[in-house]
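Analysis of the macromolecular model
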Amino acid sequence: MPRSSQNPPPAPPGHVWIEEASRLTGLSVKTLYNLRYKSEAPSAGAFPIGRKLAFPLDGPDGINAWFDAQRNPAPDTGAAHNSRPPEPRRLRAKRPTQHPAAA
């Protein structure tokens, strides 16, 4: 049985292997596999080549698009609509101090 080479082939142009994607994103390899299973970013655009997984750097499902979404999250329109100004603080009424009866 022939041995596989110790040097993996280079990733396709504009792509990185999963180990490099893990290093770039700061997410573990296992997390990237789990996100790919759920079709969530940044693993949504990943595709297998043989036994390796290639991640696109650019494009709508790429790692760079995921970085942009992390830096500039879309505003939550539902939260802005349901928000209201904070309630004013109510001050507690002061209780009169009770002095012990003079003896």
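Observations concerning the sheet that holds strand E3 (residues 52-56)
Here three strands make up an open sheet; going across it, the order is E1-E3-E2 and the pairing antiparallel. Bordering the open sheet on either side are strand E1 (15-17) and strand E2 (47-49), each of which pairs with just one other strand. The average angle at which neighbouring strand axes cross in this sheet is 40°, direction not considered. The pairing of E2 with E3 spans three bridges and is antiparallel. Bridging from a neighbouring strand, Phe-47 pairs with Ala-54 of E3. In this fold helix H1 (residues 18-25) packs onto E1 and E3, with an angle of close to 100° to the strand it touches most, E1.

With respect to the packing of H1 against helix H2 (residues 29-37)
At a minimum axis distance of 9 Å, the contact between H1 and H2 shows a crossing angle of 100°. The angle between the axes of H1 and H2 places the two elements in the roughly perpendicular class. In this structure, H1 contributes Ile-18, Ala-21, Ser-22 and Thr-25 to the contact, and H2 contributes Val-29, Leu-32 and Tyr-33.

Here is what the cut-offs are and how they apply
Residues numbered from 1 in each chain as written. Predicted model: local features only at pLDDT ≥ 70, side-chain atom pairs only at ≥ 80, totals over all residues. Heavy atoms only, no water. Pairing = 2+ DSSP bridges. Helix = DSSP H or I, 4+ residues; strand = E, 2+ residues; numbered from the N terminus. Axes fitted to C-alpha atoms, helices over the stretch in contact; angles between N-to-C directions. Contact = heavy atoms within 4.5 Å. Parallel < 35°, antiparallel > 145°, perpendicular 65-115°, else oblique.

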